Amino acid sequence: MRLSVFVAKKHSTFAANPMKKTFYSNGKLLITGEYVVLDGAKALALPTKFGQNLIIEESENDLIHWKSHDHDGSIWFEETIPFSSVIEKKNYNENHNIKNTLIEILHEAYQLNSDFITSSKGYRITTELTFPKFWGLGTSSTLINNIAQWLEIDAYELLKKSFGGSGYDLACAQNDSAIIYQIVDDKPTVENISFHPNFTQNIYFVYLNRKQSSKAAIASYLDKQGNIATTIKTINDITKTVVNSTEPKEFAHALLQHEIEMSSVLELQTVQEALFNDFGGVIKSLGAWGGDFVLAISKENPTDYFKERGFEVVIPYNEMIL
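Keep in mind the model is a prediction, meaning the values are calculated, not measured. (Residues numbered from 1 in each chain as written. Predicted model: local features only at pLDDT ≥ 70, side-chain atom pairs only at ≥ 80, totals over all residues. Heavy atoms only, no water.)

**A look at helix H8 (residues 228-244)**
Defined as follows: Numbering of helices and strands starts at the N terminus; helices are DSSP runs of H or I of at least 4 residues and strands are runs of E of at least 2. Expected helix span is computed as 1.5 Å times (number of residues minus one). Think of it in three bands: residues with accessible area under 20% of the maximum for their type are buried, residues over 50% are exposed, and the middle band is partly exposed, with areas taken using a 1.4 Å probe on protein chains only.
With 17 residues, H8 should reach 24 Å at 1.5 Å per residue; the first-to-last C-alpha distance of 24 Å fits that figure. All buried positions along H8 are accounted for by Ile228, Thr231, Ile232, Ile235, Asn236, Ile238, Thr239 and Val242.

**Comments concerning the packing of H8 against helix H9 (residues 248-266)**
Put simply, the test is: Whenever a helix is involved, its axis is fitted only over the stretch in contact; in every case the axis is a line through C-alpha atoms, and angles between N-to-C directions fall within 0 to 180 degrees. In this scheme, roughly parallel covers angles under 35 degrees and roughly antiparallel covers those over 145, while 65 to 115 is roughly perpendicular and the rest are oblique. Here a crossing is called left-handed whenever its near helix is offset anticlockwise from the far helix by less than a right angle, and right-handed whenever the offset is clockwise. Any two residues whose heavy atoms approach within 4.5 Å are treated as being in contact. The residue classification treats Ala, Val, Leu, Ile, Met, Phe, Trp, Tyr, Cys and Pro as nonpolar and Asp, Glu, Lys and Arg as charged. All others, Gly included, are polar.
Where H8 meets H9, the axes come as close as 9 Å, and the angle between the chain directions of the two elements is 160°. Between H8 and H9, the interaxial angle falls into the category roughly antiparallel. As for how H8 packs across H9, the hand of that crossing is left-handed. Side by side, H8 and H9 meet where Thr231, Thr234, Ile235, Ile238, Thr241 and Val242 of the first sit next to Glu250, Phe251, Ala254, Leu255, Gln257, His258, Glu261, Met262 and Val265 of the second. Within the contact of H8 with H9, the residues separate by chemical class into eight nonpolar, five polar and two charged.

**Topic: helix H2 (residues 97-112)**
With 16 residues, H2 should reach 22 Å at 1.5 Å per residue; the first-to-last C-alpha distance of 23 Å fits that figure. Along H2, the residues classified as buried are Lys99, Asn100, Leu102, Ile103, Ile105, Leu106, His107, Glu108, Ala109 and Tyr110. Buried-residue contacts for H2 involve strand S4 (63-69), strand S5 (75-82), helix H1 (83-88), helix H3 (115-118), helix H4 (139-151) and helix H5 (155-161).

**Structural notes on the environment of Thr48**
Defined as follows: Here a polar contact means two N or O atoms within 3.5 Å. Within protein one must be a hydrogen donor candidate and the other an acceptor candidate, and residues neighboring in sequence count only if both atoms are side-chain atoms.
Along the chain, Thr48 falls in strand S3 (residues 43-58). Under the relative-accessibility criterion, Thr48 is labelled buried at 0%. If we skip the residues at most four places from it in the chain, Thr48 touches Asn26, Gly27, Lys28, Leu29, Leu137, Met320, Ile321 and Leu322. There is a polar contact of 2.7 Å between the side chain of Thr48 and the backbone oxygen of Phe50.

**Examining the packing of H2 against H4**
As a packed pair, H2 and H4 sit with axes 11 Å apart at the nearest point and diverge in direction by 30°. Crossing angle aside, the handedness with which H2 passes H4 is right-handed. On H4, the residues touching Leu102, Ile105, Leu106 and Ala109 of H2 are Leu143, Ile144, Ile147 and Leu151.

**Digging into the sheet that holds strand S11 (residues 293-297)**
Quick note on the threshold: Here, any two strands with at least 2 DSSP bridges between them count as paired.
Taken together, the four strands give an open sheet; going across it, the order is S10-S11-S9-S12, and neighbouring strands pair in antiparallel fashion. Only two strands of the sheet have a single partner each, and these edge strands are strand S10 (282-285) and strand S12 (314-316). In this sheet, adjacent strand axes meet at a mean angle of 25° when their direction is disregarded. Relative to S11, strand S9 (residues 203-207) is paired through five bridges, and the arrangement is antiparallel. Each bridged residue has a counterpart across the sheet, and for Tyr207 the counterpart in S11 is Phe293. Here H9 sits on the sheet and contacts S9, S10 and S11; the angle it forms with S10, its principal contact strand, is near 45°.

**Points about the pairing of S3**
The buried fraction of S3 is high, at 13 of 16 residues. Looking at chain direction, strand S2 (residues 20-30) and S3 are connected through ten bridges and run antiparallel. Within the sheet, the bridge partner assigned to Lys20 lies in S3 and is Glu57. Pairing analysis gives three bridges linking S3 to strand S7 (residues 179-184), with the strands arranged antiparallel. Looking at S7, one finds that Ala45 is bridged to Ile179. Across seven bridges, the pairing between S3 and strand S6 (residues 122-129) is antiparallel. Bridge pairing in S6 places Glu57 opposite Arg124.

**Observations regarding the nonpolar core**
For clarity, the cut-off: What is meant by a nonpolar core is a set of buried Ala, Val, Leu, Ile, Met, Phe, Trp, Tyr and Cys residues, joined one to another through side-chain atoms within 4.5 Å.
By size, the foremost hydrophobic cluster in this structure holds 45 residues, and its most contacted members are Phe205 and Phe293. For this core, the elements supplying multiple residues, two or more each, are S3, S9, H8, H9, S11 and helix H12 (317-320). Among all residues touching Phe205, those that are not within four sequence positions of it are Leu29, Ile31, Leu286, Phe293, Val294, Leu295, Val313, Val314, Ile315, Tyr317, Met320 and Ile321. One finds Leu30, Val86, Leu106 and Ala155 within the second-largest nonpolar core, a separate group that totals 41 residues.

**Comments concerning the pattern of salt bridges**
The line we're drawing: Whenever Lys or Arg places a side-chain nitrogen within 4 Å of a carboxyl oxygen from Asp or Glu, that contact is recorded as a salt bridge.
Evaluation of the coordinates by the stated rule reveals eight salt bridges. The salt bridge partner of Lys99 is Glu79, with a shortest N-O separation of 3.4 Å. Taken together, the positions of Lys99 in helix H2 and Glu79 in strand S5 put the pair 20 residues apart, joining distant regions of the chain. Put simply, Asp278 and Arg309 hold a salt bridge, and the shortest N to O gap is 3.0 Å. You can see Asp278 sitting in the loop between helix H10 (271-275) and S10 and its partner Arg309 sitting in the loop between helix H11 (303-308) and S12, a full 31 residues away along the chain.

**Concerning the pairing of strand S8 (residues 187-192)**
Sheet topology places S7 next to S8; six bridges connect them, and they run antiparallel. The residue bridging Gln182 from the neighbouring strand is Thr189, located in S8. Counting the residues between successive antiparallel strands, the hairpin from S7 to S8 contains two residues, one of them, Asp185, with a positive phi of roughly 55°.

See the structure below:
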């Protein structure tokens, strides 16, 4: 599966219409530190060539006309939301889960900067993904970061008040290079690093054909932390090795050790044990275990191997990572 990649400039405004603004945020992949990043572990995260645009146009009648497009241009969400619903954080019935979530985000944004409601007559807002929304590359995080850019508010604060999570995905949304992300004293720290392994031709990203709920995965992890201090030290050492690896064998071994460590913490089989026990390389979960993408490193191109097993989306490193 191949997608054309369009990347808009951040904070750009279309000259033809000064009342029309567009914002862009990068998608993300978490290479090391899944789950334990919540407890202060150092995580390696990579922004992707795929992301999401947010287009703002002025309208009227104290209404927000919202339309969300998937990567192929199809509309996956469309609603009209009164300003009053944002101000009051109105909760609609259970058939409107997406609408309720969006209202919650906009309400928290309103709490941080009310001007976009009090100083406007209405909006037409469009979002455009450049990746299929089911891929899990950051549909929510790119939206939150785009809204934060638009309203000039703290994206991490908006995340904390709405979805929650570690915030590494926001850091990827905001940066165009690899990062080491760590929560120190409850605050995000981001270190931009140069990460260009000379063996990227051996690295592929494979979609597992299922979406994983980050909230549910985090809740499960919090129940099974064990001796987290020891785990954090181990993961930090592994992250350092992954970042500094100059040979594919060293890189692969470090990823394997990471999988073994987290398998023990989560009390779950590794994805390689569960699905690909005959694979001639190393496979590592990325982000929430059991869904979204995995990383595969092998001497030979593994595309045929995965496609024979029903996994059609296999993307080479250089086509995925910014």
